[in-house]
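Listed below, chain by chain, are the residues.
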Number of protein chains: 2
Amino acid sequence: MTSKRKIEIFSAGCIVCQETIEQVRNMACSSCEITVLDMHEPSVSKRAKKLGIQSLPAVVIDGRLADCCTNRGIDESVLRAAGVGSPLAHSKF
Amino acid sequence: MTSKRKIEIFSAGCIVCQETIEQVRNMACSSCEITVLDMHEPSVSKRAKKLGIQSLPAVVIDGRLADCCTNRGIDESVLRAAGVGSPLAHSKF
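Predicted, not measured: the structure shown is a model, and the values here were computed from it.

Thresholds, definitions, all that
Residues numbered from 1 in each chain as written. Chains lettered and ligands numbered in written order. Predicted model: local features only at pLDDT ≥ 70, side-chain atom pairs only at ≥ 80, totals over all residues. Heavy atoms only, no water. Helix = DSSP H or I, 4+ residues; strand = E, 2+ residues; numbered from the N terminus. Buried < 20%, exposed > 50% of the residue type's maximum accessible area, 1.4 Å probe, protein only. Pairing = 2+ DSSP bridges. Contact = heavy atoms within 4.5 Å. Axes fitted to C-alpha atoms, helices over the stretch in contact; angles between N-to-C directions.

Peer 1: Help me understand unusual backbone geometry, please; the structure alone is not making it clear to me.
Peer 2: In most cases, non-glycine residues show a negative phi, while peptide bonds are predominantly trans. All names here are of chain A. The omega torsion of the bond from Leu56 to Pro57 falls at -5°, within 30 degrees of zero and hence cis. As for its position among the elements, Pro57 is in the loop between α2 (42-51) and β3 (58-61). Of note in this structure, Asn71 is not a glycine but carries a positive phi near 50°. Examined against the element boundaries, Asn71 turns out to sit in the loop between β4 (64-65) and α3 (76-81).

See below:
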């Protein structure tokens, strides 16, 4: 039996991830055991893929990706709607 | 007047960002001018903050953060709902 809540923060090391690490540390209580994982480590990025992590930072609580971190990849349909992949009229020919 | 669609990909350099860069490059057309920006550069992270970037990778099209990349920070209320910050019963005392 574990007596701690295991909180893993997947980080790519930039300022955005660092701010989240601080934020979660400030929220944590005595039951929260926080580990910061570096996405530049192959074993970490492999595990991130398995967990469905598509953007960073990502928080995993007791082995489960937090709801606010799911389905966070780039949405190709949104990019297409913004024009990506459609030649601009005046550069067509 | 610009004849190109300016697409900026903010990257923290890990595999998740790299996959997105590939994905956007595959979508791009002759009107798309893609730049990859490294979040580890202070000028880039400063600009990311101004643009409202809260997770990586992030795609900015003609100076505007793509809709699929907005409001993507960690949601403190979701983490609290998952237990973060609440001592586990058996470790209260």
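Okay, back to it.
Peer 1: In this structure, what is going on with the pairing of β3 of chain A? I would like to understand it.
Peer 2: The side chains of a regular strand alternate between the sheet's two faces. Residues and elements named next belong to chain A. Neither face of β3 is open: one carries Ala58 and Val60, the other Val59 and Ile61, and all of them are buried. Pairing analysis gives 4 bridges linking strand β1 (residues 5-11) to β3, with the strands arranged antiparallel. Residue pairing across strands places Glu8 opposite Val60, the latter belonging to β3. Note that β3 and β4 share 2 bridges and pair antiparallel.

Peer 1: Looking at this structure, how should I read the sheet that holds strand β3 (residues 58-61) of chain B?
Peer 2: Remark on secondary structure: sheet strands pair via backbone hydrogen bonds, oriented parallel or antiparallel. Residue and element names in this part refer to chain B. Read across the sheet, 4 strands follow the order β2-β1-β3-β4 without closing on themselves; strand pairing throughout is mixed. Every interior strand has two partners, whereas the edge strands, β2 (32-38) and β4 (64-65), have only one. Sheet contacts for helix α1 (residues 15-27): β1 (5-11), β2 and β3; angle to β1, the most-contacted strand, approximately 165°. Sitting on the sheet, helix α2 (residues 42-51) is in contact with β1, β2, β3 and β4, with an inclination near 110° to β1.

Purely spatial values, then, with no claim about function.
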